[in-house]
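Per-entry structural report
One-letter residues, chain by chain:
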Amino acid sequence: MKIHIPTPLRTYTGGQETVNVPGSTVSGVLAQLTKDYPALQANLFTPEGKLRSFVNLYLNEDDIRYLPAKEDSPTQDGDELTIIPSIAGGYCCCR
Amino acid sequence: MAIAIEEVTLPKLTNEEISRYSRHLILPEVGMEGQQKLKAAKVLCVGTGGLGAPLALYLAAAGVGTLGLVDFDTVDASNLQRQVIHSTATVGMLKVDSAELMLKGLNPNLNVIKHNTMLTSANALDILKDYDIIADGTDNFQTRYLVNDACVLLGKPNSYASIFRFEGQASIFGAKDGPCYRCLYPEPPPPGLVPSCAEGGVLGILPGLLGVIQATETIKLILGIGEPLVGRLLLVDALGMSFRTLKLRKNPDCPVCGTHPTVTELIDYDQFCGIEKPKDLGPLEIAQNKAVAEAAVVDGIPQMSVQTLKKKLDAKENIFVLDVREPHEVPIASIGAPLIPVGSLAARIAEIASHKNDEVIIHCRSGARSQKAALILKEAGFTNVSNLAGGILAWADNIDPSMPKY
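Everything numeric in this text was worked out from a predicted model, so none of it was measured.

When helices and strands are counted, chain A shows 2 helices and 7 strands. The C-alpha radius of gyration computed for chain A amounts to 12 Å, which stays within 12% of the reference 12 Å derived for 95 residues, consistent with globular compactness. For chain A, the spread of C-alpha atoms along the three principal axes comes to 35 × 25 × 25 Å. Within chain A, buried positions represent 38% of all 95 residues. Looking at chain A alone, contacts between residues at least 24 apart form 53% of all its contacts between residues at least 6 apart.

Turning next to the overall build of chain B. Scanning chain B from N- to C-terminus turns up 16 helices and 13 strands. In terms of C-alpha radius of gyration, chain B reaches 24 Å, essentially the compact-globule figure of 22 Å for 406 residues. C-alpha atoms of chain B, sized along the principal axes, occupy 80 × 50 × 40 Å. Counting across all 406 residues of chain B, residues that qualify as buried make up 44%.

Right, let's talk about the sheet that holds strand 10 (residues 301–304) of chain B for a bit. All names here are of chain B. If you trace the 5 strands from one edge of the open sheet to the other, you get 9-10-13-12-11, paired in mixed fashion. At either end of the open sheet lies a strand with only one pairing partner, and these are strand 9 (297–298) and strand 11 (319–323). Across the sheet, helix 15 (residues 368–379) touches strand 9, strand 10, strand 12 (359–363) and strand 13 (385–388), and the angle it forms with strand 13 is around 175 degrees.

When pLDDT is averaged along chain A, the result is 85; 92% of the residues meet or exceed 70. Note that residues 91–95 of chain A has pLDDT below 50 and, in this model, 25 contacts with residues that lie over four places away or in other chains.

A few words on helix 10 (residues 205–223) of chain B. Residue and element names in this part refer to chain B. For helix 10, which comprises 19 residues, the first-to-last C-alpha distance of 27 Å matches the rise-based estimate of 27 Å (1.5 Å per residue) to within 8%. Most of helix 10 sits inside the fold, with 15 of its 19 residues counted as buried. Looking one or two residues past helix 10, Gly 224 carries a phi angle of roughly 70 degrees, positive in sign.

Another point: the nonpolar core. Residues and elements named next belong to chain B. One finds Val 43, Cys 45 and Ala 56 to be the most contacted residues of the largest nonpolar core, which totals 74 residues. When residues of this core are assigned to their parent elements, the largest contribution, 9 residues, is made by helix 10. Not counting the four nearest positions on each side in its chain, Cys 45 is found in contact with Gly 52, Leu 55, Ala 56, Leu 67, Gly 68, Leu 69, Val 70, Ala 135 and Gly 137. Ile 361, Cys 364, Leu 393 and Trp 395 belong to the second-largest nonpolar core, a separate cluster that totals 25 residues.

With that out of the way, let us pick up the packing of helix 4 (residues 52–62) of chain B against helix 10 of chain B. All names here are of chain B. At a closest axis distance of 7 Å, the pairing of helix 4 and helix 10 adopts a crossing angle of 40 degrees. As summarised for this structure, helix 4 and helix 10 are arranged oblique, according to the angle between their axes. Read as a crossing pair, helix 4 and helix 10 show a hand that is right-handed. Of helix 10, the residues touching helix 4 (which contributes Gly 52, Ala 53, Pro 54, Leu 55, Tyr 58, Leu 59 and Ala 62) are Gly 208, Gly 211, Val 212, Gln 214, Ala 215, Thr 218 and Ile 219.

Residues and elements named next belong to chain B. Their axes nearest at 9 Å, the elements helix 4 and helix 5 (residues 95–106) cross at an angle of 25 degrees. Put simply, helix 4 runs roughly parallel to helix 5. Considering the relative orientation of helix 4 and helix 5, their crossing is right-handed. Seen from helix 4, the contacting residues are Ala 56, Leu 57, Ala 60 and Ala 61; seen from helix 5, they are Ala 99, Leu 103 and Leu 106. Of the residues that constitute the contact of helix 4 with helix 5, the class distribution is 7 nonpolar, no polar and no charged.

A few words on the environment of A:Asn60. Residues and elements named next belong to chain A. Tracing the sequence through the fold places Asn 60 in the loop between strand 3 (55–59) and strand 4 (62–63). In the structure, Asn 60 is positioned 15 residues away from Thr 75 in sequence and 9.8 Å away in space, judged by C-alpha atoms. Apart from the residues lying within four places of it in its own chain, the contact partners of Asn 60 are Asp 79 and Glu 80.

Before going further, it helps to examine the sheet that holds strand 1 (residues 42–46) of chain B. Residue and element names in this part refer to chain B. With mixed pairing, 8 strands are arranged side by side in an open sheet as 3-2-1-4-5-6-7-8. At either end of the open sheet lies a strand with only one pairing partner, and these are strand 3 (111–115) and strand 8 (242–247). Neighbouring strand axes in the sheet, compared pairwise and without regard to direction, differ in orientation by 15 degrees on average. Of the pairings in the sheet, the one linking strand 1 to strand 4 (residues 133–136) comprises 4 bridges and is parallel in character. Considered in strand 4, the bridge of Val 43 is made with Ile 133. Here helix 10 sits on the sheet and contacts strand 1, strand 4, strand 5 (158–164), strand 6 (167–173) and strand 7 (232–237); the angle it forms with strand 5, its principal contact strand, is near 170 degrees.

Another point: the pairing of strand 1 of chain B. The buried fraction of strand 1 of chain B amounts to 4 of the 5 residues, a majority that puts the element mostly inside the structure. One crossover worth recording links strand 1 of chain B to the parallel strand 2 (residues 66–70) of chain B by way of helix 4 of chain B, and it is right-handed.

All names here are of chain B. Relative to the elements of secondary structure, Asn 384 occurs in the loop between helix 15 and strand 13. A tally of 16 C-beta atoms within 10 Å means that Asn 384 is categorised as partly exposed. Remark: the alpha-carbon pair of Asn 384 and Pro 302, spanning 82 residues in sequence, is separated by 9.0 Å. Setting aside its immediate chain neighbours within four residues, Asn 384 contacts Asn 357, Asp 358, Glu 359 and Val 360.

About the cut-offs
Residues numbered from 1 in each chain as written. Chains lettered and ligands numbered in written order. Predicted model: local features only at pLDDT ≥ 70, side-chain atom pairs only at ≥ 80, totals over all residues. Helix = DSSP H or I, 4+ residues; strand = E, 2+ residues; numbered from the N terminus. Rg over C-alpha atoms; globule rule 2.2 N^0.38 Å. Buried ≥ 20, exposed ≤ 12 C-beta atoms within 10 Å, placed from the backbone. Contact = placed C-beta atoms within 7 Å. Pairing = 2+ DSSP bridges. Axes fitted to C-alpha atoms, helices over the stretch in contact; angles between N-to-C directions. pLDDT = per-residue confidence, 0-100. Expected span 1.5 Å × (residues − 1). Core = buried A, V, L, I, M, F, W, Y, C linked by C-beta atoms within 7 Å. Parallel < 35°, antiparallel > 145°, perpendicular 65-115°, else oblique. Left-handed = near helix turned anticlockwise from the far one by under 90°. Nonpolar A, V, L, I, M, F, W, Y, C, P; charged D, E, K, R; others polar. Right-handed = clockwise from strand over helix to strand, strands pointing away.

In structure tokens, the structure reads:
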């Protein structure tokens, strides 16, 4: 499925705005994403492996925090995942 | 949804105003009553920079009766790439004064209230309380959280927009039954992960685009028309020219706007964001822009002055200077050091492994990225790494005045 990569993280995906990553759940897709692009790991996850709180993940239009299964929500090929970091003017929380 | 503007007695419009706003008046969605609502409205623009400039201009043009402007800063030439409310003639002036000139020139009917101050926990509630809508156009996380919390505590809608490079976000926070900023981002990022203003860079038009979106949302709230971005996050990607909206939910456990709020008064936002209090240099932004580390050692990395580096270079000491900026910065100004951008440094350490025990001095533009790079090298076992405090900007200021500053 498609993952939308925010500008500050595109340096780690070779400049790509969208990448295609297989997986059957959100967490499965993310695991594959960080396997394909290892530099994303530190930006998206804490050392303990939790998603950083100032990074939001949307499955299609929905924030995964509010989906019943959260990170374990099932995904289909046509779905899109969007990563949205906290931004404020010249600042961004990840690079 | 509309906001609670006193509808009891809306101010009358003069003949001059009726003539000025004719294009609004002939729209059924605005009409006389809508224009009167605009005249009665009081909007506070927090920041008169990239976002605040188009925002304030369009609100003034639309006939908003009272505009408050909060800004402590002065106009700098580098602002003019995007802050269209200022001009070459006002470089050096206080931004609130400069903005007022342009705003009153556009619309003399406007009542401008200037707050030449930094918004803090001590003054925010007092400043915000007299306005109907707050439009946040600031460029740092502390103020974002401060404005958000103050708006929720006061029950005022917050017309939010933020930008970074080519992307922007917009929403309305703090509306009744709507989410607030903390529902979206409960915690700020730790400062270690935040690059300085200078590294971000921004396409000048981007805050223009988002600032007008902010103004649009503000006007919709005043007039009570259309569907304001309550419960929606607009994502703008200027490079792809794509606009998407995502659903934002009010978090019932939100510490500020939830059912059992734990934040019932403004907190110390510097502490919340893990930022050290600004010293005598003044407001945090200025302290960071002029990033001259006063401490001799930061996080275990010695800070070297440009004067010391110059001495070492002149004495042809056996040092290795590394530039960690991006390739496109080198043609602007360079001291001739080899380049490995900080983002690729970890992956390219092998290229400089022979210098592991040499005296290594790292520089970037202002000293922030090079500090990060120094930590990366120290982690990788380099034994003698220093950060050039103030970066190439300090070099231009103190050693080579012919060098352009950017």
